[in-house]
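Residues per chain, in single letters:
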Amino acid sequence: MKNNSIYLILAVAAMCFASCDKNEQTNGAAAQDDRVAVQFTAGTLDVQPTAATRSETPWSRPGNIGVYMVEEASLGVVDAAANRNYLWVASQRTFSPLSADQTVYYPVNGSRVRFAAYYPYQALTDNCYKVDLTAQPSLNDQAAFELLWTGVTTAYDKTQPSVALNFDHQYAKISLSVKNGKGITTEELKQIVVTMTEMQLTADFNVLTGEITPTGDVGELTFNRWASDGSGQTALVLPTQADAQRVVNFTLGSDIFVWNIGEKGFEAGSDYSYAVTVNRTPLGIAASITDWETGEGGSGDAE
């Protein structure tokens, strides 16, 4: 009789444990079901701009972005959703997580959160994107080289699953249209090397605050000659204030024309275009410089 009582107690206990375990599994599944994945859509900006403009148009080519989910009232990361890797899916015009573990979910408790994203994705330490403009990309590669950032969005919750990401350029772009003038042959035009001094080439970019902190010393930036005939030169540069010591050098063999550009500053997201006509004079080479904002033009020459 005593043994039967013990067996009965053990059986009841087992049933209780099984019931508790079943409830825990059910509650866990319910918690999973309550999760709402954030749906990131493309807002503005083309990651493959044309040579003439970086106008705000829908994304047009694949590109990985890094995504953060932060608290509504601070930049504290929520649910470890830091630098999640998302890929542009052109057919759906959305960004999709690179893998299931990269998916960003809204907090189950319904709290409001904000988001920040940048392009192109890279592994980060302390939310720091490493900028290096020492080697300038070709014109065709500029799109993949550009640094784009959304800022921090307004607040959303799980009742608003779709978040439109609007990206802004973080570099300035300088374009030169170079022509050969008197005494300069078309073959010589192909050989002209353009450099700009006193430029910050490396920096740390905080992807949550948008702060750019220069690193290292200033140096000489060499433009990329994107036109085979030497007529097109371009460079991406960090936003910078005017510097009286800054010059642009046009070098042809032993001849150097120095253009003092120290009064000019460069703002993030802006295009700066200049028309240059190079002429050979008894004193070496000289050039005329005409500058304009995007969409406006000008020309001129000097003897």
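Computed from a prediction, not measured in an experiment: that's the story for all the values here.

A short note on the overall build of the protein chain
The helix and strand inventory of the protein chain stands at three helices and 20 strands. Each of the 303 residues in the protein chain was classed as buried or not, and the buried ones make up 43%. Put simply, of all contacts in the protein chain between residues at least 6 apart along the chain, 64% involve residues at least 24 apart. Carbon and sulfur atoms form 51% of the exposed surface of the protein chain, whose accessible area is close to 15,400 Å².

Brief notes about the sheet that holds strand β5 (residues 113–119)
What the eight strands build is an open sheet, ordered β8-β1-β4-β3-β2-β5-β7-β9; its pairing is mixed. Across the chains shown, the open sheet's two edge strands, defined by having one partner strand only, are β8 (162–165) and β9 (168–169). As judged from the four bridges shared by strand β3 (residues 84–89) and strand β4 (residues 94–97), these two strands associate in the antiparallel manner. For W88, the partnering residue across the bridge sits in β4 and is F95.

Some words on unusual backbone geometry
Among all residues except glycine, the phi angle is most often negative; among peptide bonds, the trans geometry is most common. Cis geometry is adopted by the peptide bond preceding P120, which originates at Y119 and carries an omega value of -5°. For P120, the location among the structural elements is in the loop between β5 and β6 (128–132). Phi is positive for D126, close to 55°, though the residue is something other than glycine. Structurally, the position occupied by D126 is in the loop between β5 and β6.

Regarding the pairing of strand β1 (residues 39–42)
Sheet analysis places β1 next to β8, joined by four bridges and oriented parallel. Paired with A42 across the bridge in β8 is L165. Alignment of β1 against β4, held across two bridges, turns out to be antiparallel. Its bridge partner lying in β4, T41 is registered against T94.

Re the pairing of strand β12 (residues 202–206)
Side chains A203 and F205 of β12 all project onto a buried face; the interleaved residues T202, D204 and N206 project onto a face where none is buried. With five bridges connecting them, β6 and β12 associate as antiparallel partners. Among the inter-strand pairings, V131 is bridged to a residue of β12, identified as A203. Bridging between β12 and strand β13 (residues 212–215) involves four bridges; their strand directions are antiparallel.

So, the packing of aromatic side chains
Counted under the stated rule, the structure contains eleven aromatic pairs. Ring centres 5.6 Å apart and planes at 85° place the aromatic pair W149 and F205 in the edge-to-face group. Taken together, the residues span a long stretch of sequence, with W149 in strand β7 (residues 148–152) and F205 in strand β12 at a distance of 56 residues. Classification of F205 by relative accessible area gives buried; the value is 0%. Pairwise contacts between aromatic rings join F40, Y86, Y106, F115 and Y156 into one cluster. Between the NZ or CZ atom of R35 and the centre of the ring of Y105, over which it lies, the distance is 3.8 Å.

Describing the pattern of salt bridges
Tallied over the entire structure, the rule returns five salt bridges. Between D204 and K130 there is a salt bridge, and its shortest N-O distance comes to 2.9 Å. Placement of D204 in strand β12 and of K130 in strand β6 is noted, with a sequence separation of 74 residues between them. According to the relative accessible area criterion, K130 is exposed, its value standing at 52%. Between K190 and E187 there is a salt bridge, and its shortest N-O distance comes to 3.1 Å. One salt-bridge network, in which partners are shared between bridges, spans E188, D255 and R280.

The rules behind the values
- Residues numbered from 1 in each chain as written.
- Predicted model: local features only at pLDDT ≥ 70, side-chain atom pairs only at ≥ 80, totals over all residues.
- Heavy atoms only, no water.
- Helix = DSSP H or I, 4+ residues; strand = E, 2+ residues; numbered from the N terminus.
- Buried < 20%, exposed > 50% of the residue type's maximum accessible area, 1.4 Å probe, protein only.
- Contact = heavy atoms within 4.5 Å.
- Areas by Shrake-Rupley, 256 points an atom, 1.4 Å probe, with all protein chains shown as cover.
- Pairing = 2+ DSSP bridges.
- Phe/Tyr/Trp six-rings, centres within 6.5 Å; stacked < 30°, edge-to-face > 60°.
- Lys NZ or Arg CZ within 6 Å of the ring centre and 35° of its normal.
- Salt bridge = Lys/Arg side-chain N within 4 Å of Asp/Glu carboxyl O.

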